[in-house]
Amino acid sequence: MRRIAWGCGTIAAVIVAAGAVLWVWRPWVPPVEMTAPGATGRRVSIGGWPGNYYPAPIPGRRPAILLLGGSEGGLGSSASTIARALQHYGYAVLHLSYFRAPGQPQALVRVPLEGFDAGLAWLRAQPGVDAGRIGIIGGSKGAEAALVIASRTPGLRAVVAGMPSSVVWPGFAWEATPVVGASWTAGGRDLPSLPYGRGSFSEGIISVYRRGLDGLRTHADAAIPIERSPAPVLLICGEKDSLWPSCPMGRQLAARDARVTLLHYADAGHGVFGPPLSPDDPRRNRLGALGGSAEGNNAARRDGWPKVLAFLDRALAK
C-alpha cells in the first residue's frame, strides 16, 4: 500500500464485539521515522521522550507550541514539516514523540499524560519562550491526545486538532499480537475509553469507529470534556475521511463548547491538515489515500492553513 501522510490513525489491532473478539487489520505498517531536526532545530530528550526543538527565529520572548504526530509514532517527516513551517512563521515548536521511537514502547498503550506535561514544562522554561503563550497542536491520534491534554491543563492559550476525535479510544499496537488496554493514563490510572465497534472488512477500518460511537451513551466517561479547556479550540476535518469519522466527532466536540470552531471540507479526508503541498512535492499525490481526492485535500490545506495561522495569531497574542 502507498505511504500516507502524517496523522494516520490507522490501528493494527482493534477490539470488536464488546471486547469479546479481536479483529486484526494489518494491510500496511508505517515505518518509524526519526526525522533529523535540520539546521534550524536540535534533538532533545525530555524524561526519555525524544523530540525535535525548533526555537523561534525572532528575538524576544515568543509564543510556543507543543506538536504531536499521529499513530505512526516517532518523529515523522510530515509533522516535522509542520513544525518547521510554524517556526518560520515565528513560533518556537517542540515536536515530541510519545511512542515507537527508539527506547520508547512500541505499543500505544497506557501512555502517561505526565510525559506531555513534562514537555510543556520544558517548553515554558526555554530561553526566548513566553511561558504565558503556549499552544498545543495534534493530528489524528495526536489530536486525541492534544484535546485530552487541553481539557486537563490550565494555562494553555490555543488548541488546534486536525482530524480530531471526540472520545478516548483504546490503545493499539502495530505488531501482530493484539494489545488490549487504555491509550492514556493519568496518575497511573487508565483514562476511560470507548470500546471499538464490530469491524467490517467491506467498510474498512472506519467501521470500528463508527459503530463504536453508537455505544457512547453507555460509555459517557470516554467523551473528551473539551469544555474544561481554558483555551479556544480549532478543529479541521475532511468529510470523506475514510480512517475515522473525524467530522462527526468534530461536530460532537463543537456541540459541547461554543468556543470550538470546526473547519470541514467536502472533498477532503485524513490528509486535510497541514500546509499545502507544492506541485513538485511527491507527497501531494498521496493526500487522498485516506479519503477525498488529492486535489481536494490540498485545496482544503490552502484554505485551512492560513486560518490555522490566523487563529494562532489571535489566541497567542500578547
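In this report, the structure presented in the accompanying data block is examined.

What counts and how
- For every chain, the first residue of the written sequence is number 1, and numbering continues from 1 along that sequence.
- Note on the predicted model: pLDDT of at least 70 is required for a residue's local features to be given, and 80 or more for side-chain atom pairs to be given and counted; whole-chain, interface and lining totals, by contrast, use all residues.
- Only hydrogens and water are set aside when side-chain values are computed; all heavy atoms of the structure are taken into account.
- For this analysis, a ring pair means two rings from Phe, Tyr or Trp (six-membered ring only for Trp) whose centres lie within 6.5 Å, classed as stacked if their planes differ by under 30 degrees, edge-to-face if by over 60, and tilted for the remaining angles.
- Secondary structure elements follow DSSP: runs of H or I no shorter than four residues count as helices, runs of E no shorter than two count as strands, and numbering proceeds from the N terminus.
- Only protein chains enter the calculation, and the probe is 1.4 Å; a residue is then buried if its accessible area is under 20% of its type maximum, exposed if over 50%, and partly exposed in between.
- Here the rule is simple: two strands pair whenever DSSP picks up at least two bridges between them.
- Only the stretch in contact is used when a helix axis is fitted, and all axes are lines through C-alpha atoms; the angle between N-to-C directions ranges over 0 to 180 degrees.
- Note that the term roughly parallel is reserved for angles under 35 degrees, roughly antiparallel for angles over 145, roughly perpendicular for angles of 65 to 115, and oblique for everything else.
- Helix crossings are classified by the rotation of the near helix relative to the far one: an anticlockwise turn of less than a right angle makes the crossing left-handed, while a clockwise turn makes it right-handed.
- In this description, contact between two residues means that some pair of their heavy atoms is separated by no more than 4.5 Å.
- Polar here means any residue other than Ala, Val, Leu, Ile, Met, Phe, Trp, Tyr, Cys and Pro, which are nonpolar, and Asp, Glu, Lys and Arg, which are charged; Gly is therefore polar.

## Looking at the packing of aromatic side chains
The geometry of an aromatic ring pair comes down to the distance between the two centres and the angle between the two planes.
Then comes step 1: Per the counting criterion, the structure on display carries 14 aromatic pairs.
Then comes step 2: Seen in terms of ring centroids, Y98 and W184 are 5.9 Å apart; in terms of plane orientation they differ by 55 degrees. Their pairing is tilted. Here the residue Y98 occupies a position in the loop between β6 (92–96) and β7 (107–108), and W184 occupies one in strand β12 (residues 184–186), the gap between them amounting to 86 residues.
Then comes step 3: Assessed through its relative accessible area of 4%, Y98 is described here as buried.
Then comes step 4: Measuring from centroid to centroid gives 5.3 Å for Y209 and W244, while their planes differ by 80 degrees, and the two rings are edge-to-face. Linking Y209 in helix α4 (residues 206–213) with W244 in the loop between β14 (233–238) and α5 (246–256), this pair joins segments that are 35 residues apart in sequence.
Then comes step 5: Residue W244 is classed as buried on the basis of its relative accessible area of 1%.

## Considerations on the sheet that holds β12
Then comes step 1: Strand order across the open sheet formed by three strands is β8-β12-β13, with mixed pairing between neighbours. The open sheet has two free edges, formed respectively by β8 (111–112) and β13 (189–190), since each of these has just one partner strand.
Then comes step 2: Of the pairings in the sheet, the one linking β8 to β12 comprises two bridges and is parallel in character. Paired with V111 across the two strands is W184, which belongs to β12.

## Concerning the packing of helix α1 (residues 77–89) against helix α6 (residues 294–315)
Then comes step 1: Between α1 and α6, the shortest axis-to-axis distance is 12 Å and the interhelical angle comes to 55 degrees. Taken together, the axis directions place α1 and α6 in an arrangement best described as oblique. Crossing angle aside, the handedness with which α1 passes α6 is right-handed. On the side of α1, the interface is formed by I82, A85, L86 and Y89, while α6 contributes W305, L309, L312 and D313.
Then comes step 2: Split by residue class, the contact of α1 with α6 holds seven nonpolar, no polar and one charged.

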